[in-house]
Amino acid sequence: MRHFSSKTITRIVIGIIFVALFFYLFRLQDTQLFINDTARDTLRALRIWQGRELTLIGGSASFSEKTIKEIYFGSLYLYTAIAGMSVSSFSPVGAVLPNTLLYLLSIPVFFLLAKRHSKNKFFTLFATAVFALSPVSVTHARFFWNPNLLIPLSVFFWYLALTPSNSKHFSLKLLSSGVLAGIMFNFHYFSVISVVLFCLYLLFSKKFDHLIYLVFGFFLGSLPLILFELRNNFYLTNAFIYNTSHSLKNLSHEPTFYVDSFFRIFFSVFGLSHGEISFNTIVINQSFKLFLEIVFSILIIKYLFNKRRHSDLYWLWFCLFPTIIFTLYFSTYDLYLRYLFVVFPLLVLFIADVLSELKYFYLSLVLFIPIIFSNLSIITASVNLNNNYLPLKTIEAISKKIVEDNPSGKYNITENLKGDARSTAFRFFLLRDANVKPQDEINYGDISALYVVSPSLEKTYQDNRWEFTASGPKMLTQTIDFGEVKLFKFVSETK
């Protein structure tokens, strides 16, 4: 491969981009899980568009929910969703399109980052293919969630932040990296951990010009949040201090510094494990898993003692491994890979570096077997009620029936499918298409009609949710069967 011409290398990179495009977009609508944060934030983006709002904050951080001082992320990711939906007739799938664009653009930039790191052509192409096709990348490129854009943005950040001092437009590139760091901070606050670690590296390395440009750029990129803080008596700062102090006091789990958790991070890159957003993996027994862990441990140790290979990679140690430790410590019910998204390019480069310790580095290509297996599982997955989810087309069809019913008075919608009794996903389509909009999520009392999506009438009465009972006695007037679920229309007897 070292004899490949630059044109051949370019063609291979383009090929990787097209394969990635296939995995990012194939059956995108059919596999969408329009639930939880995705539905909530897409609905919020629609409301911002319809109300022509200019807002500085977005959704709440999960660890601060149900506290007296919720922490809110910045709003930039909501505007990326609006940009995508505006070119797709405001389909919720359109919110994913900025993901697709940025992930694809990040692939050639990652190649340049890998090329800057190593002159070995197989290394650069292998690392680029792993980054582009990793099930972690494919999974998070296919749905809308505020941390997802950190993966491609981090590639641009590290490429610019590691610009050599003698490069053309050096100061502009460093300034741009700082702006990107501020944007990533707007998307998810924990992204600042790796940025601070990199700043410490610059400080200890006495690269003060790098540091000044980076910090000033970060200030520029963080201006929306800074403005919000100044206008609201530093609410976010106070809320963060409050929640952090209480979270540390009430930490209900033991630190998860387990060997298995550590290796899950590395194995997830190849589809041998997964994080909090699950995807199918090749099942391996415990003995073979232990064998892989031992082999990888040996390669890591060999790599660490090979000073020639990592003498220029202090930024990797200072930024990657403390972030891994942070992730392992604060992961609770599952491995919170989103905390690693800002260093995901470094993680891939490190893994490729470690694998290059193999006598026959080409054997690493076998790792694309679990990668392809997981990716095929992702794009062929089926969404059904067995998992408490409904396909997007079913959600839209039910919503269309309500729109066609043309409710004229005050009405609302609820469901008995999962935890979202306020029907965020259905509410999106009603706000988009209905002439008369439903009441908001907290107004279920003063309504004349209630639409209920449920597997059965018995389950609706059995669950007896507040959203169903708040409007008092009601009479069933219509039932429409949608296979897995039914749409019930109730009219209030008191209206």
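The structure we're discussing is the one just above.
About the criteria used
The residue count restarts for each chain, going from 1 along the sequence in the order it is written. With pLDDT at 70 or above as the cut-off, local features in this predicted model cover only qualifying residues; side-chain atom pairs require 80 or more to be listed or tallied, and sums for whole chains, interfaces and linings still use all residues. By convention in this description, side-chain values take in all heavy atoms of the structure and omit both hydrogens and water. In this analysis, strands are considered paired if DSSP registers two or more bridges between them. The secondary structure listing takes helices from DSSP runs of H or I that are at least 4 residues long and strands from runs of E that are at least 2 residues long, numbered from the N terminus. Axis lines are fitted to C-alpha atoms, over the contacting stretch for helices. Their N-to-C directions set the angle, which ranges from 0 to 180 degrees. Pairs of residues are marked as contacts when any of their non-hydrogen atoms sit within 4.5 Å. For classification purposes, angles smaller than 35 degrees are called roughly parallel, those larger than 145 roughly antiparallel, those between 65 and 115 roughly perpendicular, and all remaining angles oblique. With the far helix as reference, a near helix turned anticlockwise by less than a right angle produces a left-handed crossing, and one turned clockwise produces a right-handed crossing. Residues are grouped as follows: nonpolar covers Ala, Val, Leu, Ile, Met, Phe, Trp, Tyr, Cys and Pro; charged covers Asp, Glu, Lys and Arg; every other residue, Gly included, is treated as polar. Note on classification: 1.4 Å probe, protein chains only; a residue is buried when its accessible area is under 20% of the maximum for its type, exposed when over 50%, partly exposed between these limits.

(A) Structural detail: the sheet that holds strand S5 (residues 474-481). Across the sheet, four strands lie side by side as S3-S4-S6-S5; this open sheet has mixed pairing. Because the sheet does not close on itself, it has two edges, and the strands there are strand S3 (411-415) and S5. Strand-to-strand twist in this sheet, taken as the mean axis angle between neighbours without regard to direction, amounts to 20°. Taken together, the seven bridges between S5 and strand S6 (residues 486-492) define a ladder with antiparallel strand orientation. The residue of S6 that forms the bridge with Thr479 is Phe488. Against the sheet, helix H20 (residues 424-433) engages S3 and strand S4 (449-454), with an angle of about 150° to S3.

(B) The arrangement of the packing of helix H8 (residues 170-187) against helix H10 (residues 208-221) in detail. Interhelical geometry of H8 versus H10 gives an angle of 45° and a closest axis separation of 6 Å. By the angle class used here, H8 and H10 are oblique. The way H8 lies across H10 gives a crossing that is right-handed. The residues of H10 that touch H8, namely those facing Phe170, Ser171, Leu174, Leu175, Ser177, Gly178, Val179, Ala181, Gly182, Ile183 and Phe185, are Asp209, His210, Tyr213, Leu214, Phe216, Gly217, Phe218, Leu220 and Gly221. For the contact of H8 with H10, the per-class residue count stands at 12 nonpolar, seven polar and one charged.

(C) Fine view of the packing of helix H4 (residues 97-117) against helix H17 (residues 344-355). Put simply, H4 and H17 touch, their axes get as near as 11 Å, and they point 45° apart. It follows from the interaxial angle that H4 and H17 lie oblique. Handedness of the H4/H17 crossing: right-handed. Mapping the contact onto sequence places Phe110, Leu113, Ala114 and His117 in H4 and Pro345, Val348, Leu349 and Asp353 in H17. Residue composition of the contact of H4 with H17, by class: six nonpolar, one polar and one charged.

(D) Just the pairing of S3, in detail. By the criterion of burial, S3 is predominantly enclosed, with five of the five residues buried. Burial of S3 is two-sided: the residues Tyr411, Ile413 and Glu415 facing one way and the residues Asn412 and Thr414 facing the other way are all buried. Bridge count between S3 and S4: five bridges; the pairing is parallel. Looking at the pairing, Tyr411 lines up with Ala449 of S4.

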